[in-house]
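Spelled out from the first residue to the last, the chains are:
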Amino acid sequence: MNNRKKSWILCRIPLPLLFIIGLFFVIGLFVLSMSSVDPTLKFLVKSDASEIIRKQDFHGLGTGNKCATVEEMGEMFRRGYIEESMRVREIIRAHFENNGVARVRQFTPQQFCSHGFVLGKASEAGLGNELYKILTASALSVMLNRSLIIGQTRGAYPFADYVSYSNFSFTLKEVKHLWRKNGCLTKYGRHLTMRIDDFLKPRHTDVLCGNWKIWEEPIIWFQNTTDAVAAQFFLKNIHHEMRDVASSLFGKPEDIHYRANVFGELMKILISPSKEIDSAVNWALDGKEDPDITLHMRMMMNRSPSAKEAALVCIRKAIHNLQLPSKPRVVLVSDTPSLLAEIALSLAESAEVLYFDYENYNGYIASNANKSNNLNFRVKDWGPAPRWVAFVDFFLASRAKHTIISGAHRRVGTTYVQLIAALAAAYRLDENFSIITFLSSFQSNLLSGGLSNQIGWGHVWNRFAGPLSCHDQPNQCALTPLLPPAWWDGFWQSPIPRDVRKMEVYGIKLNDFGSFDSSHLNEFCSSRKRKLATVQFI
């Protein structure tokens, strides 16, 4: 074909068609150029294409980085939690109004005998772990539309001397009484049976394999749920009914930057300090306003200078960011009381510092001189102070108006301080939608291997502890999620080898970046032998 004929053909092609051809040519070049992107970044995209655009907004992404510091990881939590928390608050409120004691007592015999319950039972061990047992049961009662039972020991609620419980929950004793009164067995042939599922028995638990919505047993007890993880396992349950009710509370696991303060909202409606503990909190406040900032130091009887210095830098940053017209009030909480005076002295020029001086408190505290106060074998874990001091510290710390900071010798963001931050955030949401900022303070020696030392599932940064966490980081003061994630679907999340092995026993075969093939879980669920554990009360 000669040149003249070619030009004649081009002249006959409409201009809009030429524009479309050119556009496709440019797109093709762009796609080819993308093939040079670092292939490791492809593994970071764990959700659908719509998520990719959303995640590009986060600091540190799209820069070619193959790992992130804790501060870079924390940037995704900057947007806050107000909208989702208000939505979940309404779900929780409506649930307990519809399934609380006052309404369920008025059910007809037929209604009551077909009603379901979830048991939350705690011992008097570590406050954070034990509270999570009750809160997980509360969340499960919302998901399954059942009433909540809080278990008692010898007629007393857990921590009954220090914690007051709202009137939304039943006792097992009352449920038994109403079961007989309504003739559930004699009229309807329905035994009062409890089904037990133990989260710490991965080969037998139905947390991922069972459709709990259709279980017929009147009472369900989900055992050993000592952190924020267990309740969120339902987000990956093989039954869509369970995934749907779990995500209505906890959000989608890939949207870790857009989730509600679930456990804080549950605490706000269910628990409060006892009168004695509340009096001690007010004594510590000395009639003044609530503190602006809380610093919690989990030191386990260690006096690490590096941990203290990192926390001081973090708290000074928080003070600077608040830009308050007067000296901020800072409350200090620690399992190592001797550290408090040192930190208070270091902050004296920049803040008004207070802490609960239990040795000089003369108020009455029930059980002050007996049972759980002198558990010497737990001194390293809980500290030398009497047991009740942890409850005063907890409710005092949760009165903070702006910021909660977690520092530690080793364990940053433990269950105790997670729940302090969550409760503080729930309290402040009532005040013109104020936001609590939750910060984690890491000294550099804790980050020599990245976050790999944060191995406990109860630690807030555990799901970020894998190969995407940079080694040899300097001190970090990082934004921290109020709801610790249970999965590895978000950016910069990756598992440590220990958790890869642990999850495989649950039927989840994780790759190095936290993704897994759901077909393997389906095969696991269909092939395993089911072991049903029940207790019959009536």
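All values reported here derive from a predicted model rather than from experimental measurement. (Residues numbered from 1 in each chain as written. Predicted model: local features only at pLDDT ≥ 70, side-chain atom pairs only at ≥ 80, totals over all residues. Heavy atoms only, no water.)

**Remarks on the overall build of the protein**
Within the protein, the regular secondary structure consists of 20 helices and 14 strands. Across the 538 residues in the protein, those meeting the buried criterion constitute 54%. Of all intrachain contacts in the protein linking residues separated by at least 6 positions in sequence, the fraction that spans at least 24 positions is 77%. Carbon and sulfur atoms provide 54% of the accessible area of the protein, an area that totals close to 24400 Å². (Helix = DSSP H or I, 4+ residues; strand = E, 2+ residues; numbered from the N terminus. Buried < 20%, exposed > 50% of the residue type's maximum accessible area, 1.4 Å probe, protein only. Contact = heavy atoms within 4.5 Å. Areas by Shrake-Rupley, 256 points an atom, 1.4 Å probe, with all protein chains shown as cover.)

**Concerning the confidence of the model for the protein**
Averaged over all residues, the pLDDT of the protein is 87; the fraction at 70 or higher stands at 85%. Per-residue pLDDT stays below 50 along residues 1–13; that stretch engages in three contacts with residues further than four places along the chain or on separate chains. Contacts of residues 369–374 to residues separated by more than four positions or lying in other chains number eleven contacts, the stretch itself having pLDDT below 50. (pLDDT = per-residue confidence, 0-100.)

**Concerning the nonpolar core**
Of all hydrophobic cores here, the largest spans 98 residues; its most connected members are F233, F250, F263, F356 and F394. Broken down by element, the residue count for this core peaks at eleven residues, all from helix 8 (residues 127–144). Within the second largest apolar cluster, 23 residues are counted, among which are M297, I315, V330 and L479. (Core = buried A, V, L, I, M, F, W, Y, C linked by side-chain atoms within 4.5 Å.)

**Digging into the sheet that holds strand 4 (residues 193–198)**
Taken together, five strands build an open sheet; the order of strands is 2-1-5-4-14 and the sheet is mixed. Pairing within the sheet leaves two strands with one partner each, and these edge strands are strand 2 (147–150) and strand 14 (533–536). The average angle at which neighbouring strand axes cross in this sheet is 30 degrees, direction not considered. The sheet contact formed by strand 1 (residues 117–120) and strand 2 spans four bridges and is parallel. By the bridge assignment for strand 2, V118 is matched with L148. Sheet strands in contact with helix 8 are strand 1, strand 2 and strand 5 (219–223), and its direction is about 170 degrees off that of strand 1. (Pairing = 2+ DSSP bridges. Axes fitted to C-alpha atoms, helices over the stretch in contact; angles between N-to-C directions.)

**Details of the pairing of strand 1**
By the alternation rule, side chains of strand 1 split into F117 and L119 and V118 and G120, which are all buried. Note on the crossover from strand 1 through helix 8 to strand 2: the handedness is right-handed. Where strand 1 lies against strand 5, three bridges are found, and the strand directions are parallel. Bridge pairing links L119 to W221 in strand 5. (Right-handed = clockwise from strand over helix to strand, strands pointing away.)

**Here's the deal with the sheet that holds strand 13 (residues 476–479)**
The sheet built from six strands is open, its strands ordered 9-8-7-10-11-13 with mixed pairing. Here the strands that pair on one side only, and so sit at the sheet edges, are strand 9 (352–354) and strand 13. Neighbour to neighbour, the strand axes of the sheet diverge by 20 degrees on average, direction disregarded. Relative to strand 11 (residues 437–442), strand 10 (residues 403–408) is paired through four bridges, and the arrangement is parallel. Paired with T403 across the bridge in strand 11 is T437. Strands in contact with helix 14 (residues 305–322) are strand 7 (293–298), strand 8 (329–334), strand 10, strand 11 and strand 13; relative to strand 7, the strand with the most contacts, it is inclined by about 165 degrees.

**What about the packing of aromatic side chains?**
This model, assessed by the stated rule, comprises 32 aromatic pairs. Ring plane angle 50 degrees and centroid distance 6.4 Å describe the contact between Y361 and W388, whose orientation is recorded as tilted. Separated by 27 residues along the polypeptide, Y361 in the loop between strand 9 and helix 16 (379–382) and W388 in the loop between helix 16 and helix 17 (389–397) bring together distant segments of the chain. When its relative accessible area of 12% is taken as the criterion, Y361 is described as buried. For W388, a relative accessible area of 3% translates into the label buried. Members of the aromatic cluster, joined through ring pairs, are F199, W212, W215, F222, F233, F234, W457, W487, W488, Y506 and F516. Stacked on the ring of W215, the Lys or Arg R195 has its end atom at 3.6 Å from the ring centre. A cation over an aromatic ring shows up here: R463 above the ring of W457, its NZ or CZ 4.6 Å from the ring centre. (Phe/Tyr/Trp six-rings, centres within 6.5 Å; stacked < 30°, edge-to-face > 60°. Lys NZ or Arg CZ within 6 Å of the ring centre and 35° of its normal.)

**Remarks on the side chain of S469**
Its place among the elements puts S469 in the loop between strand 12 (448–451) and strand 13. Once residues lying within four places of it in the same chain are set aside, the contact partners of S469 are C67, A68, M73, G450, L451 and F464.

**Digging into the pattern of salt bridges**
In total, this model carries 22 salt bridges according to the counting rule given. Between E90 and R93 there is a salt bridge; the shortest N-O distance is 2.3 Å. Highlighted residues: E90 and R93, both in helix 5 (residues 82–99), separated by three residues, approximately one helical turn. A relative accessible area of 32% means that R93 is categorised as partly exposed. In this structure, the salt-bridge partner of D292 is K401, at a minimum N-O distance of 3.8 Å. (Salt bridge = Lys/Arg side-chain N within 4 Å of Asp/Glu carboxyl O.)

**Examining the packing of helix 12 (residues 262–270) against helix 18 (residues 415–428)**
Between helix 12 and helix 18, the least distance of the axes is 8 Å, while the angle of their chain directions is 70 degrees. Classified by the angle between their axes, helix 12 and helix 18 sit roughly perpendicular to one another. The hand of the helix 12/helix 18 crossing is right-handed. Across from F263, G264, E265, M267 and K268 in helix 12, the residues of helix 18 making contact are L419, A422, L423, A426 and Y427. Across the contact of helix 12 with helix 18, the residue classes break down as seven nonpolar, one polar and two charged. (Parallel < 35°, antiparallel > 145°, perpendicular 65-115°, else oblique. Left-handed = near helix turned anticlockwise from the far one by under 90°. Nonpolar A, V, L, I, M, F, W, Y, C, P; charged D, E, K, R; others polar.)

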